[in-house]
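# Understanding the architecture of this molecule
Chain by chain, the residues:
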Amino acid sequence: MSAGPLVASATGIALLIVTAYVLIGGTLSTTEVMAEAQSNLVAYQEARMRTAIEIQETVIDNQTLYVKVKNTGSESIVDFPSIDVYLQVDGEPVYVPYGKDTETYHWNKEYIDPDGVHPGQLDPGETLNLSVTCPTDATPTWIQVVTPNGVSSSAYIQTTGE
């Protein structure tokens, strides 16, 4: 009997073992990534369910709109640049970016009241006071504030004398 069929059989078995190892390793890696993604999604959804905000007051002073946003949920809000603010001006929606002094519209965090626990974070029960700078010819009629995880509150803007 020649050694050729034995070597070919041994090589074929070795290739099958290597192929099975690579496939099983890839499957386990993919499963681990999917499990981590599912876990992160659940944690994100739980945080979203605990988040709630409410616009308490809006005041216009010249070209600045002051807004009080109360955290009525049980989740702290910490990433202020990721908060989105939208206005309705002359029937059109306007996105207002955070802290961009070169933009026509921009908003800034003024202060948090009270801010005794976790300074700089909007904890449950605290109120964020923010200012929205508008062009002098703009008259906003509605505002919406959206947290980084997608929870929002909106209100009509009361002008002086209403």
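Predicted, not measured: the structure shown is a model, and the values here were computed from it.

## What about the pattern of salt bridges?
Opposite charge on two side chains permits them to pair, given that their charged atoms come into close proximity. Evaluation of the coordinates by the stated rule reveals 2 salt bridges. Arg50 serves as the salt-bridge partner of Glu75, at 2.9 Å between the closest nitrogen and oxygen. With a gap of 25 residues between them, Glu75 in the loop between β2 (64–71) and β3 (84–89) and Arg50 in the loop between α1 (4–49) and β1 (53–61) connect regions that are remote in the sequence. With relative accessibility at 22%, the residue Glu75 sits in the partly exposed group. Between Glu57 and Lys68 there is a salt bridge, and its shortest N-O distance comes to 3.6 Å. Remark: Lys68 occurs in strand β2 and Glu57 occurs in strand β1; sequence separation between them is 11 residues. Overall, the relative accessible area of 32% leaves Lys68 in the partly exposed class.

## A short note on the sheet that holds strand β4 (residues 92–96)
The 4 strands lie next to each other as β4-β3-β7-β8, forming an open sheet whose pairing is antiparallel. Looking at which strands have only one partner, the edges of the open sheet turn out to be β4 and β8 (152–156). Each neighbouring strand pair of the sheet contributes to a mean axis angle of 20°, computed without reference to strand direction. As paired elements, strand β7 (residues 140–146) and β8 share 5 bridges and run antiparallel to each other. Pairing of Val145 across the sheet is with Ser153, part of β8.

## Considering the sheet that holds β1
The strand order across the open sheet built from 4 strands is β1-β2-β6-β5, with neighbouring strands paired in antiparallel fashion. The two strands at the open ends of the sheet, each matched to only one other strand, are β1 and β5 (106–113). Neighbour to neighbour, the strand axes of the sheet diverge by 20° on average, direction disregarded. Relative to strand β6 (residues 127–133), β2 is paired through 7 bridges, and the arrangement is antiparallel. Each residue of the ladder has a partner; that of Lys68, found in β6, is Asn129.

## Concerning the nonpolar core
By size, the foremost hydrophobic cluster in this structure holds 26 residues, and its most contacted members are Val69, Leu87, Tyr105, Leu128, Val132, Ile143 and Val145. Of all the secondary structure elements, the ones that give two or more residues to this core are β1, β2, β3, β4, β5, β6 and β7. Leave out the neighbours within four places in its chain, and Val145 touches Ile53, Ile55, Val69, Ile83, Asp84, Val85, Val151, Ser152 and Ser153.

## As for empty space enclosed by the protein
A water-sized probe, rolled over the atoms, reveals where empty space remains. All chains considered together, the criterion is met by 1 cavity of 30 Å³ or more. For the largest cavity, the calculated volume is near 40 Å³. Forming the walls of the largest cavity are Ile53, Val69, Ile77, Ile83, Leu122, Leu128, Val145 and Thr147.

The rules behind each value
- Residues numbered from 1 in each chain as written.
- Predicted model: local features only at pLDDT ≥ 70, side-chain atom pairs only at ≥ 80, totals over all residues.
- Heavy atoms only, no water.
- Salt bridge = Lys/Arg side-chain N within 4 Å of Asp/Glu carboxyl O.
- Helix = DSSP H or I, 4+ residues; strand = E, 2+ residues; numbered from the N terminus.
- Buried < 20%, exposed > 50% of the residue type's maximum accessible area, 1.4 Å probe, protein only.
- Pairing = 2+ DSSP bridges.
- Axes fitted to C-alpha atoms, helices over the stretch in contact; angles between N-to-C directions.
- Core = buried A, V, L, I, M, F, W, Y, C linked by side-chain atoms within 4.5 Å.
- Contact = heavy atoms within 4.5 Å.
- 1 Å grid on protein atoms, 1.4 Å probe; cavity = no way out; pocket = protein on both sides within 12 Å on 5 of 7 lines; lining within 4 Å.
- Points joined across faces, edges and corners; volume = space filled by probe spheres on them.

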